Amino acid sequence: MRKFDTNVQYLKHKVLCEVARLAWDDVLLENILDIPKTIVPGKESTMRCCVYKERAILGERVKLAMGGDISNPNVIEVIDIACDECPVGGYEVTNACRGCLAHRCVDACKFGAISFDHNHVAHIDKTKCKECGACAKVCPYTAIVSRKRPCQNACKVKAIYMNEQKAAAIDNSKCIQCGACVYQCPFGAIMDKSYMVDAIEILKKSNRNKQGGYKVYAIVAPSISSQFSYARLGQVVTGMKQLGFQDVIEAALGADMVAMEEARELSEKGLLTSSCCPAFVQYIKSAFPSLVEHISHNMSPMAVMAKYIKDTTPNAKVIFVGPCTAKKAEAQLEEVKPYVDNVMTFEELQALFDSRDIDIASLEEGVLDNASYFGRIFARSGGLTDATTQAMKEQNIDFEIKPVVCDGIEACRMALLKLNKGILDGNFIEGMACVGGCIGGAGCLTHGEKNKAEVDKYGREALEKTIGDAVSVLR
């Protein structure tokens, strides 16, 4: 059964899988140079102009699968040599141009970038064009179009630009590490760094020292319910325990804890922006620094749950598994680092299963049942708002919540602009950088509207029907 949305994801998976196999067997450094030849064994290229370039690019993918450039703090990196097949882009005149007499495009251009040939067809001088779009707006035939690269279209915070070699580059001061560009690049030229090798090392040491050593706990994001569609969730849990995890715990339980605190904080402050999505929080810090004071003081469900585990379990190690590339950056924050030892995506978890030849579809079902419906629906847009509203009811908080649910970073931008100007009709901004919420994260195996239905179904299966019932087990 198909495990991935695209062939780019499958190629990435093959690299991750080979790196993981070697890491489990303690032979990574000895065989790293052979990985590209293992994936492309013959003399014929399957995707590029020649097998040598294809292997060179695979070599760069291997480096990213082992942690990437440690001097670059961003968890998203560009493979320069893989970024060479997209057109330069910008505004172009199509064959819909009729060479009309009005020449509105020339009048609209303030930079003298448009001229006409002997057939009266318009042309744009790229050296003069500022890409303002004025010409496209006035053309009666819509003959002038903007052909941005897929990565630029995907990046709604304008962190991607073209360098002197016309390859994509990332402005770290603007990047929120959401990974939208990673998923949208048709050539896989942009990837998130993987810290999977470190996770394997944590698991290996735990298995070697079972007596008196540390125990490794997995915290799984509630969006896992919409992933691994070829198996049941209980089988995924069993597979993770076969990898060496002591136990698998829901981040949704941390979401229940956050909802309770968020409700109280909102009622006290009267105005709040959510703090569960690290990409959204980073966007506020980089693009709207004057609004930082309104960010909820609560850590994310991942960090809250990890802290609880560390506080109550001696010698515990915590690995978070979810859909989010920005979580990898969050785990490096000083306030989170003591609690979260590693972050993996669902893509990387699939690579671990395959690297150990674990067919999860054939396993017995384990149990993952210690969170409420409301904690579980944090995975989709609107879920945090529903949970916070419910938490107010359960705590008898007399406060009228006026939520502004932002589905995707563009919606977040509009809400933050209104808040910045004092015209926001609301007192609680739920910000989700990925469209759909966490179920749209770049590290998902599958993306799509069906994922929302799976999350809601998973929520309804929760044994704990109220948030209070869920968090009571922690007291």
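Use the structure listed above.
Residues numbered from 1 in each chain as written. Predicted model: local features only at pLDDT ≥ 70, side-chain atom pairs only at ≥ 80, totals over all residues. Heavy atoms only, no water.

Quick look at the sheet that holds strand S10 (residues 247-250)
Using the following cut-off: Strands are labelled as partners when DSSP assigns at least two bridges between them. Think of it this way: any DSSP run of H or I at least four residues long counts as a helix, any run of E at least two long counts as a strand, and we number them from the N terminus. Helix axes are fitted only over the stretch in contact, all axes being lines through C-alpha atoms; the angle between N-to-C directions runs from 0 to 180 degrees. Note on contacts: a residue pair is in contact if any heavy atoms of the two residues lie within 4.5 Å.
Read across the open sheet, the four strands follow the order S10-S9-S12-S13; overall the sheet is parallel. In this open sheet, the two edge strands, each paired with only one partner strand, are S10 and strand S13 (342-345). Across this sheet, the average inter-strand angle for adjacent strands is 30°, counted without regard to direction. Where helix H10 (residues 233-243) meets the sheet, it contacts strand S9 (215-220), S10 and strand S12 (316-322), and its direction lies at approximately 135° from that of S10. This element, helix H11 (residues 251-269), spans S9, S10 and S12 of the sheet and lies at about 35° to S10.

Details of helix H18 (residues 409-420)
We count it as follows: Expected span of a helix: the number of residues minus one, times 1.5 Å. For every residue, the accessible area (1.4 Å probe, protein chains only) is compared with the maximum for its type, and the residue is labelled buried under 20%, exposed over 50%, or partly exposed between those bounds. Working note: the arc is built from the helix axis to C-beta atom directions.
The end-to-end C-alpha distance of H18 is 16 Å, a good match for the 16 Å that twelve residues give at a rise of 1.5 Å each. For H18, the complete set of buried residues consists of Ile409, Cys412, Ala415, Leu416 and Leu419. Around the axis of H18, the buried residues are gathered within 115° of arc, so they sit on the same side. In this structure, the buried residues of H18 make contact with strand S11 (272-273), helix H12 (278-287), strand S14 (403-407) and strand S15 (428-432). Backbone geometry just downstream of H18 places glycine 422 in the positive-phi region, at approximately 75°.

Focus on helix H1 (residues 7-24)
The terminal C-alpha atoms of H1 lie 25 Å apart, and with 18 residues this matches the ideal 26 Å at 1.5 Å per residue to within 8%. Restricting attention to buried positions, one finds in H1 the residues Gln9, Leu11, Lys12, His13, Val15, Leu16, Cys17, Val19, Ala20, Leu22, Ala23 and Trp24. Just downstream of H1, aspartate 26 is the residue with a positive phi angle, here 60°.

Here we look at the pairing of S15
Counted residue by residue, S15 has five buried out of five residues, so it is predominantly covered. Burial along S15 is two-sided: Phe428, Glu430 and Met432 and Ile429 and Gly431, pointing in opposite directions, are all buried. Alignment of S11 against S15, held across two bridges, turns out to be parallel. Paired with leucine 272 across the strands is phenylalanine 428, a residue of S15. As judged from the five bridges shared by S14 and S15, these two strands associate in the parallel manner. Residue pairing for S15: aspartate 407 is matched across the bridge by methionine 432.

Focus: the nonpolar core
To be explicit about the condition: What is meant by a nonpolar core is a set of buried Ala, Val, Leu, Ile, Met, Phe, Trp, Tyr and Cys residues, joined one to another through side-chain atoms within 4.5 Å.
Judged by nonpolar contacts, the single largest core of 96 residues is most densely connected at Val19, Met196, Phe228, Met240, Leu349, Phe353 and Ile360. Looking at this core element by element, the count peaks at ten residues for H11. Listed in part, the 48 residues of the second largest apolar core include Cys155, Ala159, Val404 and Leu424.

Here we look at the packing of H10 against helix H15 (residues 346-355)
The condition is simple: Should the near helix be turned anticlockwise from the far one by less than a right angle, the crossing is left-handed, and should it be turned clockwise, the crossing is right-handed.
Contact geometry for H10 and H15: axes closest at 10 Å, N-to-C directions at 65°. Here the hand of the crossing between H10 and H15 comes out left-handed. On H15, the residues that touch Val236, Gly239, Met240 and Leu243 of H10 are Leu349, Leu352 and Phe353.

Some remarks on the pattern of salt bridges
Stated formally: The rule for a salt bridge is simple: a side-chain nitrogen of Lys or Arg has to be within 4 Å of a carboxyl oxygen of Asp or Glu.
This model, assessed by the stated rule, comprises 25 salt bridges. Measuring nitrogen to oxygen at the nearest pair gives 3.9 Å for the salt bridge that ties glutamate 18 to arginine 21. Note that glutamate 18 and arginine 21 are positioned in helix H1 at a spacing of three residues, about one turn of the helix. The class of arginine 21 is partly exposed, set by a relative accessible area of 28%. The residue lysine 328 makes a salt bridge to aspartate 192 at a minimum N-O spacing of 2.8 Å. With a gap of 136 residues between them, lysine 328 in helix H14 (residues 326-330) and aspartate 192 in strand S8 (residues 190-192) connect regions that are remote in the sequence. Like lysine 328, the residue aspartate 192 is buried in the burial classification. When salt bridges with common partners are traced through the structure, they connect Lys12, Asp192, Lys328, Glu347 and Glu348 into a single cluster.

Looking at the packing of aromatic side chains
Our working rule: Only Phe, Tyr and Trp rings take part, Trp by its six-membered ring, and two of them pair if their centres are within 6.5 Å. Stacked means planes under 30 degrees apart, edge-to-face means over 60, and tilted covers everything else.
Overall, the coordinates contain five aromatic pairs when judged by the stated rule. With centroids separated by 6.1 Å and ring planes inclined at 85°, the aromatic side chains of phenylalanine 228 and phenylalanine 346 adopt a geometry described as edge-to-face. Taken together, the positions of phenylalanine 228 in the loop between S9 and H10 and phenylalanine 346 in helix H15 put the pair 118 residues apart, joining distant regions of the chain. With respect to burial, phenylalanine 228 and phenylalanine 346 carry one shared label: buried. An aromatic cluster is built from Phe228, Phe346 and Phe353, whose rings are joined through pairwise contacts.

Considering a positive patch on the surface
Counted only if it meets this: What goes into a patch is any residue over 30% in relative accessible area without a salt bridge, connected to like charges within 9 Å or, for nonpolar side chains (Val, Leu, Ile, Met, Phe, Trp, Tyr), within 5 Å. Calculation of accessible area relied on Shrake-Rupley with a 1.4 Å probe; when residues are assessed, cover is drawn exclusively from the protein chains displayed. Think of it this way: Lys and Arg go in the positive column, Asp and Glu in the negative one, and His and the chain ends go nowhere. Just so you know, the charge point we use is NZ for Lys, CZ for Arg, CG for Asp and CD for Glu.
A contiguous patch of positive charge, built from Lys148, Lys156, Lys158, Lys174 and Arg413, is present on the exposed surface. Its place among the elements puts lysine 148 in the loop between strand S5 (144-147) and helix H7 (150-154).

Some points on empty space enclosed by the protein
Let me state the cut-off plainly: For each structure, a 1 Å grid was placed over the protein atoms alone; sets of points admitting a 1.4 Å probe that cannot get out are labelled cavities, open sets with protein on both sides within 12 Å along at least five of seven lines are labelled pockets, and lining residues have an atom within 4 Å of a point. Grid points are joined across faces, edges and corners, and a volume is the space filled by probe spheres set on the points. Each residue gets one of three labels, nonpolar for Ala, Val, Leu, Ile, Met, Phe, Trp, Tyr, Cys and Pro, charged for Asp, Glu, Lys and Arg, and polar for the others, Gly among them.
Under the definition given, this model contains five cavities of 30 Å³ or more. Its volume calculated, the largest cavity comes out at about 320 Å³. Secondary-structure elements contributing two or more residues to the lining of the largest cavity are H11, H12 and helix H13 (301-312). Among the elements that take part in the lining of the largest cavity, H11 stands out by supplying three residues, more than any other. Of the residues contributing to the lining of the largest cavity, the split by class is 22 nonpolar, five polar and one charged. The calculated volume of the second largest cavity comes to roughly 120 Å³. Lining the second largest cavity are 15 residues, and of these Cys97, Cys100, Cys105, Cys139 and Pro140 sit closest to its centre. Across the lining of the second largest cavity, the residue classes break down as eleven nonpolar, two polar and two charged.

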